[in-house]
Amino acid sequence: MEERFPKGFLFGTATAAYQIEGAADEDGRTPSIWDTFSHTGHTLNGDTGDVADDFYHRWEDDLKLLRDLGVNAYRFSIGVPRIVPTPDGKPNEKGLDFYERIVDRLLEYGIKPIVTLYHWDLPQYMASEDGREGGWLERDTAYRIADYAGIVAKRLGDRVHTYTTLNEPWCATYLSYGGTEQAPGLGAGPLAFRTVHHINLAHGLMCQAVRAEAGGKPELSVTCNLQVCRGDADAVHRLDLIANRAFLDPMLRGRYPQELFAITKGICDWDFIRDGDLALIHQPIDVLGLNYYSTNLVKMSDRPQFPQSTAASTAPGASDVDWLPTAGPHTEMGWNIDPDALYDTLVRLNDDYPGMPLVVTENGMACPDKVEVGPDGVKMVHDAERIDYLRRHLDAVYRAIREGTDVRGYFAWSLMDNFEWAFGYSKRFGLTYVDYETQDRIRKDSFMWYRDFIAGHSAR
């Protein structure tokens, strides 16, 4: 691919607070639901984010990695329990100071700060210990998170290029409350719909809070991880309603799909929607973020739907849908590699929600990375598979742009290896290898490849 991307295109990389920061109980930070989840046996090997990449203490050197990578944007999240560590919602100045230093250093390096306000680390005090009460089950949580967003926007102001309200609300609701895979792991099936609405409400309220404090200069965004399904048309449509349009339609169109209510009749009466909620949710935003990794293969089963089912499910309302194995190759996560589906999804969003600029806010590959030591003692990580993955997905982005889709950025996940949620430290997505025992950073071949790609494909 010789063509250059459009002028102003954002080439970046991304991280999340709980996955990299460590310093879990320093400078006023209190536990999040992920601290509780990881400390109570829900992660591989009992791994936790207590130390992670120790970014809290090593941030200056890690931001130099960004500078050397040549990106013009960096997407990172604010740790909610660092900013509002106590139930009274009082701002923690040390936490705000930490993120202000990061923003200032990024600007010094000519890197645009892209701030994610909520990347799953809800303060534990907002939820009961077992997650069965509080948290996103409660409407009040939306207002408390909006208050927090206003605190951050007041401090960081228009130095931030983009404020992203939420990262992957599908995970924070269906995986976390419908299923058991992520904190708090409630496994309550259709009760997840309540959390879907409350997190949608939080998005709208957060937009209002950021605008009130930071003004109109910073862009506003939300990042969704759409469930990209292939297979039987009926199964694909059903899952699109539940997993995707339950967020996209209220946020971008100001309404829920009526079909969503029809297919969930018997397991949810949606009585938690109040007058005026959809107007609150439907706030103007400047860009829609898309996290894309893989696809699903689905088909309708022969069994009847169980309309009263309250069993744990990440797709309540789709109990008569089967998930089939996907064709290879697959990443270390077991996810299939399908760059064409990224192209298809970008085009679909452009067609279905016209006039909404898009950014690929996460895309990357977990590989079985190994450190090799050269004869000169230099440590190296050869990750040709990741390079091929990035190249093919960037080509898919470029094809979409060339054919008229308004895509304005691409962020590789991730700057460095980190705590991969329930998988602990067993999966490596980074452009930079992290030795968790020594905290040494080793630039992988993909780091150098992405640096060269950015230099060669940015518009001048």
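Within an unreviewed UniProt entry, the label attached to the protein chain reads Beta-glucosidase, and the organism entered is Bifidobacterium castoris. What UniProt records for the protein chain under Catalytic activity (unreviewed entry) is the sentence "Hydrolysis of terminal, non-reducing beta-D-glucosyl residues with release of beta-D-glucose."

The subject of this paragraph is the sheet that holds strand β5 (residues 219-224). If you walk around this closed barrel you meet the 8 strands as β1-β2-β3-β4-β5-β7-β10-β13, and the pairing is parallel. Averaged over all adjacent pairs, the angle separating strand axes in this sheet is 25 degrees, with direction ignored. In this structure, β5 lies alongside strand β7 (residues 287-291), joined through 4 bridges in parallel fashion. By the bridge assignment, Thr-223 is partnered in β7 with Gly-289. Each of β3 (112-118), β4 (162-167) and β5 is contacted by helix α8 (residues 192-214), which is oriented at about 160 degrees to β4, the strand it contacts most.

This part covers the UniProt feature "binding site: substrate" (unreviewed entry) in the protein chain. In the numbering adopted here, UniProt assigns the feature "binding site: substrate" (unreviewed entry) to Gln-19, His-119, Asn-167, Tyr-293, Trp-413, Glu-420 and Trp-421. In this structure, Asn-167 is in contact with Arg-75, Thr-116, Tyr-118, His-119, Trp-120, Thr-223, Asn-291 and Glu-362, ignoring residues within four places of it in sequence. Checked against the element boundaries, Trp-413 lands in strand β13 (residues 407-413). Its relative accessible area of 4% is what places Trp-413 among the buried residues. Those residues in contact with Trp-413, other than ones at most four positions away along the chain, are Ala-14, Thr-15, Ala-16, Gln-19, Tyr-293, Glu-362, Asn-363, Gly-364, Met-365, Asn-418, Glu-420 and Phe-429.

A few words on unusual backbone geometry. With the exception of glycine, the majority of residues adopt a negative phi angle, and the majority of peptide bonds are in the trans configuration. Residue Ala-183 is joined to Pro-184 through a cis peptide bond whose omega torsion reads 5 degrees. By the secondary structure assignment, Pro-184 is in the loop between α7 (169-178) and α8. Looking along the chain, the bond that leaves Gly-328 and enters Pro-329 is cis, with omega of 0 degrees. By secondary structure assignment, the location of Pro-329 is in the loop between β9 (321-324) and α12 (339-352). One non-glycine residue with positive phi stands out, namely Glu-168, at about 45 degrees. Along the chain, Glu-168 turns up in the loop between β4 and α7. The exposure class assigned to Glu-168 is buried, which follows from its relative accessible area of 7%.

A few words on the sheet that holds strand β8 (residues 296-300). Read across the open sheet, the 3 strands follow the order β6-β8-β9; overall the sheet is mixed. Looking along the sheet, the strands with just one partner apiece sit at the ends: β6 (229-231) and β9. Going across the sheet, the axis of each strand differs from the next one's by a mean of 40 degrees, ignoring polarity. In terms of strand pairing, β8 meets β9 through 4 bridges, oriented antiparallel. Of the residues in β9, the one forming a bridge with Met-300 is Val-321. Contacting β6, β8 and β9, helix α9 (residues 233-253) crosses the sheet at an angle of about 115 degrees to β8.

What counts, and at which threshold
Residues numbered from 1 in each chain as written. Predicted model: local features only at pLDDT ≥ 70, side-chain atom pairs only at ≥ 80, totals over all residues. Heavy atoms only, no water. UniProt positions renumbered as here; feature names shortened; annotations may be inferred. Pairing = 2+ DSSP bridges. Helix = DSSP H or I, 4+ residues; strand = E, 2+ residues; numbered from the N terminus. Axes fitted to C-alpha atoms, helices over the stretch in contact; angles between N-to-C directions. Contact = heavy atoms within 4.5 Å. Buried < 20%, exposed > 50% of the residue type's maximum accessible area, 1.4 Å probe, protein only.

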